[in-house]
Amino acid sequence: MEKEKRTRRKGWRVAAVLFVLFTGLAAFSWLTWLWQARHWDNIKLIEIFSMLKISVEGTSEVIMRDFWLTAVLPSAALIAVLTVTLILLRRWKGVRLFSRIGAAVAFLAFVAAAVFAAYRLDLKGYLNSSAVESEFIETHYVDPNTVELKFPEKKRNLIYIWLESVESTYSDKEHGGAFDRDVIPELTAIAAENPTFTGGEGIVNGGISTLGTTWTMGALFAQTSGLPLKIPITNNSMSFQDTFFPGVTTLGDILADEGYQQAFLIGSDGKFGGRRVYFTEHGNYTVWDHPYSQQVGEIPADYKVWWGYEDQRLFTFAKKHITDMAATGEPFNFSMLTVDTHFPDGYVCPLCDDNYEGSQYSMVMSCSSKQIAEFLDWIKAQSFYENTTVVLSGDHITMNVDYRRYRPGLPAQGIYRYPESRSGR
C-alpha cells in the first residue's frame, strides 16, 4: 500500500514537472514570436543562425528590455504561478489527471510553436537550398586577387557612409519611392544630382537586399567584400573568434595595401556583430566606437542613449576625425555607420521636428536625412573634397514591421514588398 502511494506521488511529480516545463517552453516560444513579429517580418534561418553566433554585447537596451517584458518575464511569471498552484493542489485527488492533461496540452502547444516556426522560417526551403549547390558566386564574384587593380598616382580619398535601415522607398512615388510624402527629401535630391548604382533618370533606386545581407554585419561584409555573409552554424562565430573570413580579400585589404589610412566610426559598441574584429582584421581600421568615446572623454563615462550615442554627436566626431586624417596628406578611407534610424521607432534627438503627424519613425528618418545633407555640405566645403569620393548606402532594409503598415500620409499597402525592397544607394 505504501509502495503504491509512493509510486502515485512520483507519477504526479513527473507529470507536474512536465506540465510546468512544457507550459514554460510553449509560452516562451509563442511570446518570442510575438516579439519577433513586431520587429522582423521576413527573418530567415540564415539570419537567426548568424545572430546565434554573435555576442549580444552592445545591443540597444530598448530592444533587450522589450524582449524581457514581452517574452522572458511573462514566461517566468507563468511558470511561477503554475508551480505554486500545483503545490497548493497537491492533495487534491484530481491533481494527477489535471497535471497529465495539462502536460499533454502544453506539449502540443510547444510542438505547434515549433511547427509554426519551421513554416515561418521556411525550414524546408532552407534545407533544400543547403542541399543544392549553387554557382551564383562562381558566376558573379570576381576575386580581387585574380585581377590587376591600378590606382592613380594621386589616390582619391574615400568616405563611405552607411545609413542604418534607410531605403529608397522612403522617397515619394514621383521619384520611385512608396510614400505619398517624401520622408527623406534631402537624400532624394542628393540621389537625383549624383550618380546612383541603379535606376533611371529622376528615379531614386537601390540594390536588392539578398540572402546574407539583411542585417547590419551581413550588409557591411557584403558591400565591402562582394560576398554574402553565409556562416555554417559550426564554424565562424564572429564576435567569439579572433578571425573573420581571413581568406577573403575585401575593400579594406585592398586599400591597406595601397597605403590608405582607414577608420570606422560608429555610435555603438564595435564588438556587436563582430564589427571590430572584421574591420581590424581586414584593413587594420582604427575603430572609433561608443566605448572609445567614453575612454577619451568625448562623452561622459556613464553616457549611453539608444545604442550608445546619437548621430548628432556622430557627425560632430566625424568632422574632427576626417579633418585629422586629411591633415596628414596621405589618402584615407573613412567609413561610418549611423544608428538613430534603427528599429523599432528610431531615436528622437533635439534636432528632430515632429512634422509627420505622430509617426516617430518618419520624424527620425527625416531628421537623419537633414543631418546627412548638412554633413555632405560640410565635406564639400573642405579642401580635400575635390579629390574625395563619397558613397552613401543604406545598410539593409528596415526591420520595423509597424512602419510598413498604414500611417497618416503613407500608403496603406506598406512601404516595401519583400523581396523587392531596396536599400538606398
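Refer to the preceding data block for the structure.
Parameters and conventions
- Residues numbered from 1 in each chain as written.
- Predicted model: local features only at pLDDT ≥ 70, side-chain atom pairs only at ≥ 80, totals over all residues.
- Heavy atoms only, no water.
- Helix = DSSP H or I, 4+ residues; strand = E, 2+ residues; numbered from the N terminus.
- Contact = heavy atoms within 4.5 Å.
- Areas by Shrake-Rupley, 256 points an atom, 1.4 Å probe, with all protein chains shown as cover.
- Disulfide = S-S within 2.5 Å.
- Buried < 20%, exposed > 50% of the residue type's maximum accessible area, 1.4 Å probe, protein only.
- Phe/Tyr/Trp six-rings, centres within 6.5 Å; stacked < 30°, edge-to-face > 60°.
- Lys NZ or Arg CZ within 6 Å of the ring centre and 35° of its normal.
- Polar contact = N/O pair within 3.5 Å; in protein donor to acceptor, adjacent residues only side chain to side chain.
- Arc of directions from axis to C-beta.
- Pairing = 2+ DSSP bridges.
- Axes fitted to C-alpha atoms, helices over the stretch in contact; angles between N-to-C directions.
- Core = buried A, V, L, I, M, F, W, Y, C linked by side-chain atoms within 4.5 Å.

(A) Representation of the overall build of the protein within the structure. Helix and strand counts for the protein stand at 13 helices and 7 strands. Pairs at least 24 residues apart make up 73% of the contacts formed inside the protein by residues separated by at least 6 positions. In the structure as shown, the protein presents an accessible area of about 21,400 Å², 59% of it carried by carbon and sulfur atoms.

(B) Focus on the environment of Leu 149. The residue Leu 149 is located in the loop between helix 6 (136-140) and strand 1 (157-163) in this model. C-alpha separation for the pair Leu 149 and Ile 254, spaced 105 residues apart in sequence, amounts to 9.0 Å.

(C) Spatial organisation of the state of the cysteines. Counted under the stated rule, the structure contains 0 disulfides. The thiol of Cys 349 is not disulfide-bonded; the next cysteine sulfur, from Cys 367, is found 3.8 Å away. When its relative accessible area of 4% is taken as the criterion, Cys 349 is described as buried.

(D) Looking closely at the environment of Ala 15. Residue placement: Ala 15 occurs in helix 1 (residues 2-39). Between the C-alpha atom of Ala 15 and that of Gly 102, which follows or precedes it by 87 residues, the distance is 8.5 Å. Excluding anything up to four places from it in sequence, Ala 15 contacts Ser 99, Arg 100 and Ala 103.

(E) Representation of the packing of aromatic side chains. This structure, assessed with the given rule, holds 21 aromatic pairs. With centroids separated by 6.2 Å and ring planes inclined at 55 degrees, the aromatic side chains of Trp 92 and Phe 98 adopt a geometry described as tilted. Assessed through its relative accessible area of 46%, Trp 92 is described here as partly exposed. Following the ring pairs from residue to residue traces out a cluster consisting of Tyr 160, Trp 162, Phe 221, Phe 245, Phe 264, Tyr 278, Phe 279 and Tyr 285. Residue placement shows Arg 313 over the ring face of Tyr 303; its charged tip is 4.3 Å from the ring centre.

(F) Highlighting the environment of Ser 393. Take Ser 393: it is sitting in strand 6 (residues 388-394). On the basis of relative accessibility, which here comes to 1%, the residue Ser 393 falls in the buried class. In this structure the C-alpha to C-alpha distance between Ser 393 and Val 166, which are 227 residues apart in sequence, comes to 8.0 Å. At a separation of 2.9 Å, a polar atom in the side chain of Ser 393 contacts the side chain of Gln 223.

(G) Focus on helix 7 (residues 185-193). Where helix 7 is concerned, the buried positions are Leu 187, Thr 188, Ile 190 and Ala 191. Burial along helix 7 is one-sided: seen end-on, the buried residues are contained in an arc of 160 degrees. Within helix 7, the exposed residues directed more than 90 degrees away from the buried face are Ala 192 and Glu 193. Considering only its buried residues, helix 7 is in contact with strand 1, helix 13 (360-380) and strand 6.

(H) Examining the pairing of strand 6 more closely. Counting buried positions along strand 6 gives 5 out of 7 residues, so the element sits mostly inside the fold. For strand 1 and strand 6, the ladder comprises 7 bridges, and the chain directions are parallel. Note that in strand 6 the partner of Leu 158 across the bridge is Thr 389.

(I) Looking closely at the side chain of Asp 289. Within the secondary structure, Asp 289 sits in the loop between strand 4 (286-288) and helix 11 (290-296). Of the polar contacts made by the side chain of Asp 289, one reaches the backbone nitrogen of Gly 270; its length is 2.9 Å. Those residues within four positions of Asp 289 in sequence are excluded, and the remaining contacts are Ile 266, Ser 268, Asp 269, Gly 270, Arg 276 and Tyr 309.

(J) Representation of the sheet that holds strand 6. On the basis of which strands lie adjacent, the open sheet formed by 5 strands has the order 4-3-5-1-6 and parallel pairing. Looking along the sheet, the strands with just one partner apiece sit at the ends: strand 4 and strand 6. For this sheet, the mean angle separating the axes of adjacent strands, direction not counted, is 15 degrees. Note: strand 1 against strand 5 (residues 332-337), 5 bridges, orientation parallel.

(K) Inspection of the nonpolar core at higher detail. Within the largest apolar cluster, 71 residues are counted, with the highest numbers of intra-cluster contacts made by Phe 264, Leu 265, Phe 334, Met 336 and Phe 375. Sort the elements by how many residues they give to this core and helix 13 lands first, with 10 residues. Those residues within four positions of Phe 264 in sequence are excluded, and the remaining contacts are Trp 162, Leu 220, Arg 275, Phe 279, Tyr 285, Thr 286, Val 287, Trp 288, Ser 335, Met 336 and Leu 337.

(L) Quick look at unusual backbone geometry. The omega torsion of the bond from Phe 343 to Pro 344 falls at 10 degrees, within 30 degrees of zero and hence cis. Despite not being glycine, Ser 165 shows a phi value in the positive range, around 60 degrees. Tracing the chain through its elements places Ser 165 in the loop between strand 1 and helix 7. Among the residues examined, Ser 165 registers a relative accessible area of 1% and is labelled buried.

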